[in-house]
Amino acid sequence: MKLRIGSGIDFHQLVEGRDLWIGGIKIPHTKGALGHSDADVLLHAICDALLGALSLGDIGTHFPDTDNAYKNIDSKILLSRTYDLITAQGYQIVNIDATLCLEAPKIKPYVLEMQACIASILKIGEKDISIKATTTETMGFTGRQEGLVALATCQIGRAHV
């Protein structure tokens, strides 16, 4: 099997008056992520990791924030379209490892639901998706709850022909 690895990272500012979407799940919180789409930082990082694994550019290349077609779009749609780009090249996802960096809210209660959501879109097992979280111990913009960050690494594979 030919294997490839990709990594992705995404940042979004936290503001009042927006919903907080992480991993395809709406999470109750006093602030939400600001962005052109629904600003799901985790799904965006996963998209970038998948695209990067095949040198297909990044999420902004395929779904530019200058295009009104993507205004307030559900990031699950972006992930599904990214999946289609990967499978069109003959690749399947082996696994994803992701880390969220934020002070609040605590995401542990939502991890299983996030894994289920992402797995259903990417047609892989829930145990093939690792989602972890950490804080910055109140340091920096994440520590001040001004924003959040997601990092994702993926491995994809294609059977030799």
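The structure this text deals with has already been given above.
What you are looking at is a predicted structure, and each value in this text was computed from that prediction instead of being measured.

A. Structural context of the overall build of the chain. Each helix and strand counted, the chain has five helices and seven strands in total. Whereas a compact globule of 161 residues would reach a radius of gyration of roughly 15 Å, the chain reaches 15 Å, a difference of no more than 12%. Relative to its 161 residues, the chain shows a buried fraction of 47%. For the chain, the share of sequence-separated contacts (at least 6 apart) that also reach a separation of at least 24 residues comes to 72%. Here the chain has roughly 7900 Å² of accessible surface; of this, 53% comes from carbon and sulfur atoms. Seen as two clouds, the 15 positive and the 18 negative side-chain charges of the chain have centres 4 Å apart.

B. Structural view of the packing of aromatic side chains. Counted by the stated rule, this structure contains two aromatic pairs. Ring geometry for Phe11 against Phe141: centres 6.3 Å apart, planes inclined by 45°, an arrangement best described as tilted. Here Phe11, found in strand β1 (residues 2–15), pairs with Phe141, found in helix α5 (residues 140–143); they are 130 residues apart in sequence, far enough to count as distant. With relative accessibility at 44%, the residue Phe11 sits in the partly exposed group. Arranged with centres 5.6 Å apart and planes meeting at 75°, the rings of Phe63 and Tyr70 form a pair that is edge-to-face. Exposure remark for Phe63: the relative accessible area of 10% places this residue in the buried category.

C. How the structure looks around the sheet that holds strand β7 (residues 147–158). As summarised here, the arrangement of the five strands in space is β4-β1-β7-β5-β6, forming an open sheet in which the pairing is mixed. Of all strands in the sheet, those bounded by a partner on one side alone are β4 (32–34) and β6 (129–134). Within this sheet the neighbouring strands show an average axis-to-axis angle of 30°, counted without direction. Relative to β6, strand β5 (residues 92–101) runs parallel, the two being bridged by six bridges. When the sheet's bridge partners are listed, Ala98 is paired in β6 with Ile131. Against the sheet, helix α4 (residues 111–122) engages β5 and β6, with an angle of about 140° to β6.

D. Molecular detail of the pattern of salt bridges. By the definition in use, this model includes four salt bridges. With its nearest N and O atoms 3.2 Å apart, the salt bridge here joins Lys76 to Asp74. The partner of Glu146 in a salt bridge is Arg144, with the nearest N and O atoms 2.9 Å apart.

E. Molecular detail of the layout of surface pockets. Taken as a whole, the largest pocket spans an internal volume of roughly 170 Å³. Residue composition of the lining of the largest pocket, grouped by class: five nonpolar, six polar and one charged.

F. Fine view of the packing of helix α3 (residues 75–88) against α4. Between α3 and α4, the shortest axis-to-axis distance is 9 Å and the interhelical angle comes to 40°. Here α4 runs oblique to α3, going by the angle between their axes. You can see that α3 and α4 cross each other, and the crossing is right-handed. Facing α3, whose interface residues are Lys76, Leu79, Ser80 and Tyr83, α4 presents Cys117, Ile118, Ile121 and Leu122. Tallied by class, residues from the contact of α3 with α4 come to six nonpolar, one polar and one charged.

Thresholds applied
- Residues numbered from 1 in each chain as written.
- Predicted model: local features only at pLDDT ≥ 70, side-chain atom pairs only at ≥ 80, totals over all residues.
- Heavy atoms only, no water.
- Helix = DSSP H or I, 4+ residues; strand = E, 2+ residues; numbered from the N terminus.
- Rg over C-alpha atoms; globule rule 2.2 N^0.38 Å.
- Buried < 20%, exposed > 50% of the residue type's maximum accessible area, 1.4 Å probe, protein only.
- Contact = heavy atoms within 4.5 Å.
- Areas by Shrake-Rupley, 256 points an atom, 1.4 Å probe, with all protein chains shown as cover.
- Lys, Arg positive; Asp, Glu negative; His and termini not counted.
- Charge placed at Lys NZ, Arg CZ, Asp CG, Glu CD.
- Phe/Tyr/Trp six-rings, centres within 6.5 Å; stacked < 30°, edge-to-face > 60°.
- Pairing = 2+ DSSP bridges.
- Axes fitted to C-alpha atoms, helices over the stretch in contact; angles between N-to-C directions.
- Salt bridge = Lys/Arg side-chain N within 4 Å of Asp/Glu carboxyl O.
- 1 Å grid on protein atoms, 1.4 Å probe; cavity = no way out; pocket = protein on both sides within 12 Å on 5 of 7 lines; lining within 4 Å.
- Points joined across faces, edges and corners; volume = space filled by probe spheres on them.
- Nonpolar A, V, L, I, M, F, W, Y, C, P; charged D, E, K, R; others polar.
- Parallel < 35°, antiparallel > 145°, perpendicular 65-115°, else oblique.
- Left-handed = near helix turned anticlockwise from the far one by under 90°.

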